[in-house]
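# Survey of secondary and tertiary structure
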Amino acid sequence: MGQQGMSQRDIVEELSGSYEAFKRPEITTRRFTQNEMLGWLKPTVESGTVHVAPLGNSSEGRTISLYTYGEGSTKVLLWSQMHGDEPTATMALLDILNFLARRPECDVARTIKSKLSLFLIPMLNPDGAERFTRRTAQFVDMNRDAVALKTPEARILLEAQETYQPEFGFNLHDQEHRLTVGPSKNVTAIALLAPAVDPSRSDNHVRRKAKKVASVFAEVVEQLVPGHCAKYDDTFEVRAFGDTVQKKGTSTVLVESGGWQNDREKMFIRKLNYVGLLTSLYSIATGEYDQRDAEIYEHLPFNSKNLYDVIVRGVRFKASPTVPAITVDIAFNLDEANQDPDRKRLIARVVDLGDLSPYGAFEEREGGGITLSANEVQLEKVIPWEDALRLLK
């Protein structure tokens, strides 16, 4: 795999085609705890593939560790799950470490090992992961704590950046799974950002390098799922870590894992992260990223909001006995029921009603022949999805 002389396109094809052989098979859901993650990492650690060192403790006392791989002079810091309910890239990082452990002889792994030193923090907010919530146990969004540094998790990340002084960084997140690429109805599978270093969003050599690396990642997404890569909002946020680390001299790419059809557990998006990150790291190791045109990144459309989970088209709707019925489209968004310990039940919310022709959905249904009243359909009312399905028969 990844023989010298292979094009990036060929490498992406091989990484994608062989992914099933290297993904951690134990990971079948995006909801997992730090203890589960540590168990999955144990064989990789015991094989000597990575070195592990504690960085400090979360506010509830869970140890946050740094995993290092490689012996090269170019340092790369990758951190994931600073929001506890954003684990897609965490899964991909474990897959990547498994690949590096099992295929050390291939060109991709060998080049990364010889040219790069990787510093990985796969779960920066283990307390949030325990509850599958965004914030830390102190109720703080740590990605708005890069200046005040009130949380131990924020201090750990900043100290890691200052200690190791990485040349490159990957800030790994999940975004709303219903966002779309620009004005299209295409779901955003991956959104990328080279964070700004000041409110005017000016460029310097650090940010320009990040844009070139982001262009590599964008090419990967475009090869695998054309038309499903977007740009994340580039407004400068002084309290955010991507902006802070970029400003401190680490060329940083924000990767936001979005959505995909029938992929509520984010397993396909996990694969896109795996291929995108490995290809990007390989391009940094070989120096090929520097040949990329930053305009590939610049021309990505920004995220937009043109997608719902379900749209039922052409429903007869009667708002009250005193007004005539009209034909409308009805949009539902679906979420997991928090009271269900297995998170298998879905709750539905009517989020819009009317002419929804500009919008798409993961699932579209024809509502011809269905008549509903305001007693049955109320904006923002939450009902079990199975109850909503009965209404739509």
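Please refer to the structure placed before this passage.
The rules we used
Residues numbered from 1 in each chain as written. Predicted model: local features only at pLDDT ≥ 70, side-chain atom pairs only at ≥ 80, totals over all residues. Heavy atoms only, no water. Pairing = 2+ DSSP bridges. Helix = DSSP H or I, 4+ residues; strand = E, 2+ residues; numbered from the N terminus. Axes fitted to C-alpha atoms, helices over the stretch in contact; angles between N-to-C directions. Contact = heavy atoms within 4.5 Å. Buried < 20%, exposed > 50% of the residue type's maximum accessible area, 1.4 Å probe, protein only. Salt bridge = Lys/Arg side-chain N within 4 Å of Asp/Glu carboxyl O. Parallel < 35°, antiparallel > 145°, perpendicular 65-115°, else oblique. Left-handed = near helix turned anticlockwise from the far one by under 90°. Nonpolar A, V, L, I, M, F, W, Y, C, P; charged D, E, K, R; others polar. Phe/Tyr/Trp six-rings, centres within 6.5 Å; stacked < 30°, edge-to-face > 60°. Lys NZ or Arg CZ within 6 Å of the ring centre and 35° of its normal. Core = buried A, V, L, I, M, F, W, Y, C linked by side-chain atoms within 4.5 Å.

Our next topic: the sheet that holds strand 3 (residues 74-80). The strand order 1-2-4-3-5-9-7-8 describes an open sheet built from eight strands, whose pairing is mixed. Here the strands that pair on one side only, and so sit at the sheet edges, are strand 1 (51-57) and strand 8 (229-231). For this sheet, the mean inter-axis angle between neighbouring strands, taken without regard to orientation, is 20 degrees. Across seven bridges, strand 5 (residues 168-174) lies against strand 9 (residues 251-257) in parallel orientation. The residue of strand 9 that forms the bridge with Leu 172 is Val 255. Taken strand by strand, helix 5 (residues 107-115) contacts strand 2 (63-69), strand 3 and strand 4 (116-121), and its axis lies near 95 degrees from that of strand 4.

It is worth spelling out the side chain of Ser 251 at this point. The topology assignment puts Ser 251 in strand 9. Residue class for Ser 251 comes out buried when judged on its relative accessible area of 1%. In contact with Ser 251, not counting residues within four places along its chain, are Glu 167, Phe 168, Gly 169, Val 206, Lys 209, Ala 210 and Gln 246.

Our focus in this paragraph is the pattern of salt bridges. Counted according to the given criterion, the structure contains 37 salt bridges. Ionic pairing is found between Glu 298 and Lys 231, a salt bridge with its closest N-O pair at 3.8 Å. Separated by 67 residues along the polypeptide, Glu 298 in helix 11 (residues 295-298) and Lys 231 in strand 8 bring together distant segments of the chain. Note on Glu 298: relative accessible area 27%, which makes it partly exposed. For Lys 231, a relative accessible area of 5% puts it in the buried group. Among the ionic pairs, Asp 329 bridges to Arg 313, the shortest N-O distance being 3.3 Å.

The next subject is the packing of helix 1 (residues 8-17) against helix 10 (residues 267-286). Packing of helix 1 against helix 10 leaves a shortest axis separation of 10 Å and a crossing angle of 140 degrees. The pairing of helix 1 with helix 10 is recorded here as oblique in orientation. The element helix 1 and its partner helix 10 pack so that their crossing is right-handed. Contacts from Gln 8, Ile 11, Val 12, Leu 15 and Ser 16 in helix 1 reach Lys 271, Tyr 274, Val 275, Leu 278, Thr 279 and Tyr 282 in helix 10. Partitioned by chemical class, the residues of the contact of helix 1 with helix 10 number seven nonpolar, three polar and one charged.

Evaluated as defined, the whole model comprises nine aromatic pairs. Pairing Phe 99 with Tyr 274 gives two aromatic rings, centres 6.2 Å apart and planes at 85 degrees, and the pair type is edge-to-face. Of this pair, Phe 99 sits in helix 4 (residues 88-102) while Tyr 274 sits in helix 10, placing them 175 residues apart in sequence. Tyr 274 shares its class with Phe 99; the two are buried. Consider the rings of Trp 260 and Phe 268, whose centres lie 5.1 Å apart with planes at 35 degrees: the pair is tilted. Judged by relative accessible area, which is 23%, Trp 260 ranks as partly exposed. Lying across the ring of Phe 168, Lys 209 places its NZ or CZ 4.9 Å from the centre.

What follows covers the pairing of strand 11 (residues 307-318). Every regular strand shows the same layout, with side chains that alternate between the two sheet faces. For strand 11, a buried count of nine out of twelve residues is recorded, marking the element as mostly surrounded by other parts of the structure. Sheet topology places strand 11 next to strand 14 (residues 360-366); six bridges connect them, and they run parallel. Within strand 14, the position partnered with Ile 311 by the bridge is Glu 364. Sheet topology note: the strand 11/strand 12 (residues 326-336) ladder contains six bridges and is antiparallel. Across the sheet, the residue bridging to Ile 311 is Ala 331, located in strand 12. Summarising the sheet, strand 11 and strand 15 (residues 371-373) pair through three bridges and their orientation is parallel. Paired with Lys 318 across the strands is Ser 373, a residue of strand 15.

Phe 99, Leu 118, Phe 170, Leu 192 and Tyr 274 are the most contacted members of the largest nonpolar core, which totals 67 residues. Discounting residues that sit within four places of it in the chain, Phe 170 has contacts with Val 76, Leu 77, Leu 78, Trp 79, Val 213, Val 253, Val 255, Leu 277, Ser 280, Leu 281 and Ile 284. Grouped together as the second largest cluster of nonpolar side chains are 18 residues, Leu 334, Ile 370, Ile 383 and Leu 392 included.

Distances and angles like these do not, on their own, reveal function.
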